[in-house]
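Listed below, chain by chain, are the residues.
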Amino acid sequence: MAMLDSPRIVTSREGFDDSYTMSRYLATGGYEGLKKALTMFPEAVAKEVDDASLLGRGGAGFPAGRKWSMLRKSPVSYLVVNGDESEPATFKDHFLVERDPHQLIEGVIIASYALQVSQAFIFLRGEFALGLERVQQAVNDAYEHGALGSKIFGSDFSLDIVIHPGAGAYICGEETALIEALEGKRGFPRIKPPFFPAVTGLYGEPTVVNNVETMANLPWIVLNGGSGFRRSRWWTFRRHETLRFGRTRKQPRRLRNRDGEEHLPRFDLRPQPRWRNPQRQEDQGLHSWRRVGPLVWSRSSRPAAWSRRSRRKGIDARFRFSGCHGRNELRRACGVAHHEVLLERVLWPVHAVPGRFGLDRARDVPPRARWRSHGRPRVVARPL
Amino acid sequence: MRGTASFYDMFHLEPVGKYVVGICTNIACLLAGGQELLEHAETSLGCAVGSTSDDGLFTLEETECLADCNIAPCVQVNHRFVRTTTPEALDQLANELRSGRRDSDIPSHGTLIRVRRSVGLRAEKSEVSGQRAAAKAARDERASGERA
């Protein structure tokens, strides 16, 4: 498949043990995107991102370029990076923060330049102690290198980045709650309207809140151009999103989280081939294909899917969304006895999500027809 | 004050041990045996969930998703991932912590980040106050515009 040749964007340094150090980052083309961005006009950088039709990687999939264009003109505005990743079965930001902090920093600097913001905040959840240390070290190194601070690389642009550790609250992943937490209050979401922090955000000033992975994409976009980013696409969004967001139908690869009953849980970066025979499937990493039951697509705020014939045919059986099925049917299909209520207790709220596609976070589920050509999303959970 | 402190999980209203051990029992970890690991930890660390052991060394906590689901069940000591997924590994970790062999990579509770911010932008006071005045003027203008 041609998609296998598409470039690695945010995970290009995955193979290096010292991928978080400044020396490795510079040796692998680090801060080149920033240098190029500083030779462009800020509006041109924003236009590249708009051309790339980069969708926000936090889950809601709002186009980053459009979010930026909504920023109200003001003498003071802020950029906030949302690294409060706490959705169950999601760990991509954790990986990016620990393994490639400089890429995040570079993305933040580019975004700040495009938005002409002189103060940026990176809000990371406090549980990422190692990630916090690495990002702080990266900021210190970037200052020494001249990529941060006053007059970055000899240009007129100055920027400061503050790392803010969260104090442990799931709700702070919501952008207005995150802003409240950043101001030092309880992380309660704000009452809307105003609907967007781009109007009234941090300290009452216009603020852009973006996800860590969105920021990590920016150096590549600037280096290769927005059209280059769009050409590297392989993921198709659902039609209703096409209607809503116009030409943002296809997206370049994004990180998907893969864990559970697998030999090598890691990020799913490539479309997986179908598993026609069990041996192949073993090679692909499943411990036991007989025991695959309910599947949770990458986040638990999404209906679980399960295989009606999972015990007989393994993962190759047809999956159905469980939203339209009863809990007993789900339990029987997974081969779980009544007394093992633990599973039911856990899965019930998941599969009781109203509507077929559930909450607004359920965005990166491919249409079923695409599974064959693009490979199916991988297993996240298994029955007890 | 208390409302804010009790809102966040990482703030403790009572003294805790030197090592705060958090074990995730959210869905991915639960399916991988997080609950069993938590029950094992109660016996091996000598404290119930939410309490501190008698020697003041360990506090055991049940946590929500820690975003390390690829190595489930997820265990943290002082908010650092230790990647012990089996009861045996947890016992070994507890022994190492007791004997102080992990002091280099796991500082005692209370130290979250060992890397300090050594840099920052230096701005003239007049410049800062000018920016603040401009921001306040813009806010006032906006507020008066909304009222009108």
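Our structure is the block above this text.
Conventions and cut-offs
- Residue indices begin from 1 for each chain and proceed along its sequence in written order.
- Chain letters and ligand numbers both follow the written order, the letters beginning at A and the numbers at 1.
- Totals for whole chains, interfaces and linings use every residue, but because this is a predicted model, local features are given only for residues with pLDDT of at least 70 and side-chain atom pairs only at 80 or more, for both listing and counting.
- Side-chain numbers here rest on the full set of heavy atoms in the structure, without hydrogens or water.
- Helix numbers and strand numbers start at the N terminus; a helix is a DSSP run of H or I with at least 4 residues, a strand a run of E with at least 2.
- The quantity called the radius of gyration is restricted to C-alpha atoms. Its globule counterpart is 2.2 Å times the number of residues to the power 0.38.
- Under the scheme applied here, a residue whose accessible area is under 20% of the maximum for its type counts as buried, over 50% as exposed, and between as partly exposed, the area being computed with a 1.4 Å probe on protein chains only.
- By definition in these notes, contact holds between two residues if any of their heavy atoms fall within 4.5 Å.
- All accessible-area figures derive from a Shrake-Rupley calculation using a 1.4 Å probe, and residue coverage is judged against the displayed protein chains alone.
- Note that His is not counted, nor are the chain ends; the positive residues are Lys and Arg, and the negative ones are Asp and Glu.
- The atom standing in for a charge is NZ when the residue is Lys, CZ when it is Arg, CG when it is Asp and CD when it is Glu.
- When DSSP locates at least two bridges between a pair of strands, those strands are taken to pair.
- Throughout, right-handed denotes a crossover for which the path from the first strand over the helix to the second runs clockwise when the strands point away from the viewer.
- By definition here, a salt bridge exists when the distance from a side-chain nitrogen of Lys or Arg to a carboxyl oxygen of Asp or Glu is within 4 Å.
- By the criterion applied in these results, polar contacts are pairs of N or O atoms within 3.5 Å in which, for protein atoms, one can donate a hydrogen and the other can accept it, and in which residues neighboring in sequence qualify only through two side-chain atoms.
- Three residue categories are used. Nonpolar comprises Ala, Val, Leu, Ile, Met, Phe, Trp, Tyr, Cys and Pro, charged comprises Asp, Glu, Lys and Arg, and polar comprises the others, including Gly.
- Note on geometry: axes are C-alpha line fits, over the in-contact stretch for helices, and angles between N-to-C directions span 0 to 180 degrees.
- Orientation is classified from the angle alone, with under 35 degrees giving roughly parallel, over 145 giving roughly antiparallel, 65 to 115 giving roughly perpendicular, and any other angle giving oblique.
- Crossing chirality is assigned from the near helix's rotation relative to the far helix, an anticlockwise turn below a right angle marking it left-handed and a clockwise turn marking it right-handed.

(A) View of the overall build of chain B. From N to C terminus, chain B includes five helices and four strands. If you list the helices and strands of chain B from N to C, you get α-β-α-α-β-β-β-α-α. Taken against the 2.2 N^0.38 rule, which gives 15 Å for 148 residues, the C-alpha radius of gyration of chain B at 22 Å runs more than 25% over that of a compact globule. Projected onto the principal axes, the alpha-carbon positions of chain B cover approximately 65 × 35 × 30 Å. Burial status across chain B gives 41% buried among its 148 residues. The long-range share in chain B, meaning contacts at least 24 apart out of those at least 6 apart in sequence, stands at 61%. A total of about 8,100 Å² of accessible surface is found on chain B, and carbon and sulfur atoms cover 48% of it. For chain B, the distance from the average site of its 17 positive side-chain charges to the average site of its 21 negative ones is 13 Å.

(B) Main features of the pairing of strand β3 (residues 160-165) of chain A. Residues and elements named next belong to chain A. Sheet analysis places strand β2 (residues 119-124) next to β3, joined by six bridges and oriented parallel. Bridge pairing in β3 links A120 to I161. Following the backbone out of β2, through helix α7 (residues 129-145) and into the adjacent parallel β3, one traces a crossover that is right-handed.

(C) How the structure looks around the interface of chain B and chain A. Counting from both sides, the interface comprises 40 residues of chain B and, opposite them, 61 residues of chain A. Between chain B and chain A we count four salt bridges in total. The interface formed by chain B and chain A contains 16 residue pairs in polar contact (both at pLDDT 80 or more). Those elements that provide at least two residues to the side of chain B that touches chain A are α1 (2-7), α2 (27-31), β4 (80-81) and α5 (125-147) of chain B. In terms of residues, the side of chain B that touches chain A owes the most to one element, α5 of chain B, which gives six residues. Looking at the side of chain B that touches chain A residue by residue, the classes come out as 22 nonpolar, nine polar and nine charged.

(D) Fine view of the packing of helix α5 (residues 92-99) of chain A against helix α9 (residues 212-231) of chain A. Residue and element names in this part refer to chain A. Contact pair α5 / α9: the axes reach a minimum separation of 9 Å and the direction vectors enclose 50 degrees. Comparing the axis directions of α5 and α9 gives the class oblique. Seen from above, α5 lies across α9 with left-handed handedness. Residues K92, D93, L96 and V97 of α5 form the contact with α9, whose own contacting residues are V212, E213 and A216. For the contact of α5 with α9, the residue count by class is four nonpolar, no polar and three charged.

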